[in-house]
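Breakdown of the fold
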Amino acid sequence: MSEERKLALIVSDSPKAQAGAEALRRLHDWAPPTEADVLVVVGGDGFLLHVLHEMLKWDRMLPCYGLNLGTVGFLMNDTHHNGRSIAQRVADAHPVSVRPLEVHVVDQSGQEFRYYAINEVSLLRETRQTAKLEVRINGKVRMEELAGDGILVATPAGSTAYNLSAGGPILPLGSRMLALTPLSPFRPRRWKGAILPESAEVEFRILEPGKRPVAAVADQKEVREVRDVRIVVSQKKELTLLFDPGSSLEERIFSEQFQV
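My aim in this report is to walk through the structure given alongside it, one point at a time. Everything numeric in this text was worked out from a predicted model, so none of it was measured.

As for the side chain of Arg-212
- Residue position: Arg-212 is located in the loop between β12 (202-206) and β13 (214-218).
- For Arg-212, a relative accessible area of 10% puts it in the buried group.
- One polar contact links the side chain of Arg-212 to the main-chain carbonyl oxygen of Thr-130, over a distance of 3.0 Å.

Spelled out as structure tokens, the structure:
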């Protein structure tokens, strides 16, 4: 990546990120985001996801180099620079392409919604009543009834987040697979989920939606009292994350599999 590329600085509102960005503001001649070639995003994973979603919304996808001044920072780079300028770090960074999930939701009133999810799409029961879902893959019913707290579909980039906490598998970044992971399943009790090819179309139909309402959550967007949900990997949208050499997202995903 060329050092001559224009960089824009995007900083989270958190006091920690604002304080940490003070030196950066003085050490580089920043461009406005509308004129930039690369966004340097300062904050945590949640803020980076927000920035990525804004780019999807406006259909202007720029490479993002994240600097971790948040909590986990799985999608971010370390703030330690070892004497290198931010321009040099961005120039030396390795790009990683991430394709988001495209989510189509219909609620009980028939209203339609479309969102993108970079990590995962979750279907969650809204009340004490167990959710009951029909699971359809590529137009074929694969499970007539899943009863439990819900289910999620995770990308490789999101497989180490909620999916991992729910007992789902970690997916290597280049696997072009999706994780289908149940959330506290009651029936079938022993079903652990499935790994699907990226080309799969995943559909859920809510059974008894009036009695057992379900919410659909695409990263940070939520629709309540849903009726049907359809999920595909977007073929038209592609995001790029930049990582320091030796600290790529793929390496982090590998490392997570050997944590004890």
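Digging into the sheet that holds strand β3 (residues 64-68)
- Strand order across the open sheet formed by 5 strands is β1-β2-β3-β16-β4, with mixed pairing between neighbours. Of all the strands in the sheet, just β1 (7-11) and β4 (94-98) have a single pairing partner and so form its edges. Neighbour to neighbour, the strand axes of the sheet diverge by 30° on average, direction disregarded.
- Here β1 pairs with strand β2 (residues 38-43) via 5 bridges, running parallel.

Concerning the layout of surface pockets
- If you add up the space inside the largest pocket, you get close to 340 Å³.
- The wall of the largest pocket is formed by 14 residues, among which Leu-24, Leu-27, Leu-67, Thr-79 and His-81 lie closest to the centre.
- Of all elements in the fold, only α2 (22-27) and α4 (86-92) reach the threshold of two or more residues within the lining of the largest pocket.
- At 3 residues, α2 tops the list of elements feeding residues into the lining of the largest pocket.
- Its residues assigned to classes, the lining of the largest pocket shows 7 nonpolar, 5 polar and 2 charged.
- When its volume is computed, the second largest pocket comes out at roughly 290 Å³.
- Lining the second largest pocket are His-50, His-53, Glu-54, Leu-56, Lys-57, Arg-114, Tyr-115, Tyr-116, Gln-220 and Lys-221.
- Only α3 (45-58) and β6 (112-117) provide two or more residues apiece to the lining of the second largest pocket.
- Broken down by element, the residue count for the lining of the second largest pocket peaks at 5 residues, all from α3.

Rules of the game
Residues numbered from 1 in each chain as written. Predicted model: local features only at pLDDT ≥ 70, side-chain atom pairs only at ≥ 80, totals over all residues. Heavy atoms only, no water. Helix = DSSP H or I, 4+ residues; strand = E, 2+ residues; numbered from the N terminus. Buried < 20%, exposed > 50% of the residue type's maximum accessible area, 1.4 Å probe, protein only. Polar contact = N/O pair within 3.5 Å; in protein donor to acceptor, adjacent residues only side chain to side chain. Pairing = 2+ DSSP bridges. Axes fitted to C-alpha atoms, helices over the stretch in contact; angles between N-to-C directions. 1 Å grid on protein atoms, 1.4 Å probe; cavity = no way out; pocket = protein on both sides within 12 Å on 5 of 7 lines; lining within 4 Å. Points joined across faces, edges and corners; volume = space filled by probe spheres on them. Nonpolar A, V, L, I, M, F, W, Y, C, P; charged D, E, K, R; others polar.

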